[in-house]
Amino acid sequence: MEDRQDQEEIYSQRIKAGKRTYFFDVKATRGQDYYLTITESKRRLRDDDTFSYEKHKIFLYKEDFLKFVDALQDAVDYVREELLTAEEVAELDRPRPTYDGEGFAPSRSADDNF
């Protein structure tokens, strides 16, 4: 793997979800090979009452993007169709504002959800 200095960050999005934060970062190598890193960061309280962050990272390479999206969509569809109640699905489909990094953007429609 190339040195971190060789990686150019092109796009970044942060999603806060309770005690977890997810980062989606698109990067490029010097040779302009694109890849995505997905990082889960969890805030943990230490014994001395300070905080640390536990991070898990996935590297997803451009040749695998479509397979990854298809598998994720299949898994989400399975949960929605086979495991959730009608009420839980309705809650998922409820429009809600999204955070765009600066403020809240207009509500998403049900068609925007997985």
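Residues numbered from 1 in each chain as written. Predicted model: local features only at pLDDT ≥ 70, side-chain atom pairs only at ≥ 80, totals over all residues. Heavy atoms only, no water.

So, the overall build of the chain
Right, on to step 1. A count of helical and extended segments in the chain gives two helices and six strands.
Right, on to step 2. Counted from the first residue to the last, the chain has its helices and strands arranged as β-β-β-β-α-α-β-β.
Right, on to step 3. Residue burial in the chain is summarised as follows: out of 114 residues, 18% are buried.
Right, on to step 4. Carbon and sulfur atoms provide 52% of the accessible area of the chain, an area that totals close to 9200 Å². (Helix = DSSP H or I, 4+ residues; strand = E, 2+ residues; numbered from the N terminus. Buried < 20%, exposed > 50% of the residue type's maximum accessible area, 1.4 Å probe, protein only. Areas by Shrake-Rupley, 256 points an atom, 1.4 Å probe, with all protein chains shown as cover.)

Things to note about the environment of Arg 20
Right, on to step 1. Within the fold, Arg 20 resides in strand E2 (residues 20-28).
Right, on to step 2. Note on Arg 20: relative accessible area 34%, which makes it partly exposed.
Right, on to step 3. C-alpha of Arg 20 to C-alpha of Tyr 53: the two residues are 33 residues apart in sequence and 9.5 Å apart in space.
Right, on to step 4. Ignoring any residue separated from it by four or fewer positions in sequence, one finds Arg 20 in contact with Ile 15, Glu 40, Ser 41 and Lys 42.
Right, on to step 5. In terms of polar contacts, Arg 20 uses its side chain to reach the side chain of Glu 40, at 2.7 Å. (Contact = heavy atoms within 4.5 Å. Polar contact = N/O pair within 3.5 Å; in protein donor to acceptor, adjacent residues only side chain to side chain.)

Re the confidence of the model for the chain
Right, on to step 1. Averaged over every residue, the pLDDT of the chain is 84; the share at 70 or more is 79%.
Right, on to step 2. At the low end of the mean pLDDT range in the chain sits strand E6 (residues 104-105), at 58; at the high end sits helix H1 (residues 65-83), at 96. (pLDDT = per-residue confidence, 0-100.)

Observations regarding the environment of Leu 83
Right, on to step 1. When you line up the elements, Leu 83 lands in helix H1.
Right, on to step 2. A residue is classified by how much of its surface remains accessible, and Leu 83, at 53% relative accessible area, is exposed.
Right, on to step 3. Excluding residues within four positions of it along the chain, Leu 83 makes contact with Tyr 78 and Glu 88.

Notes on the pattern of salt bridges
Two side chains carrying opposite charge are able to pair once their charged atoms lie near each other.
Right, on to step 1. One pass over the structure, following the stated rule, counts seven salt bridges.
Right, on to step 2. We note a salt bridge from Arg 80 to Asp 93, for which the minimum N-O separation is 2.9 Å. Taken as a pair, Arg 80 in helix H1 and Asp 93 in helix H2 (residues 86-93) lie far apart in primary sequence, 13 residues in all.
Right, on to step 3. Looking at Arg 80, the relative accessible area reads 18%, which means it is buried.
Right, on to step 4. Overall, the relative accessible area of 23% leaves Asp 93 in the partly exposed class.
Right, on to step 5. Salt bridges sharing common partners tie together Lys 42, Arg 44 and Glu 54. (Salt bridge = Lys/Arg side-chain N within 4 Å of Asp/Glu carboxyl O.)

Concerning the sheet that holds strand E1 (residues 8-17)
Right, on to step 1. One open sheet holds the four strands; their spatial order is E1-E2-E3-E4, and the pairing between them is antiparallel. In the strand order of this sheet, the two ends are held by E1 and strand E4 (51-61), each with one partner. Across the sheet, the axes of successive neighbouring strands diverge by a mean angle of 20 degrees, strand direction being ignored.
Right, on to step 2. One ladder, built from nine bridges, connects E1 with E2; its direction is antiparallel. (Pairing = 2+ DSSP bridges. Axes fitted to C-alpha atoms, helices over the stretch in contact; angles between N-to-C directions.)

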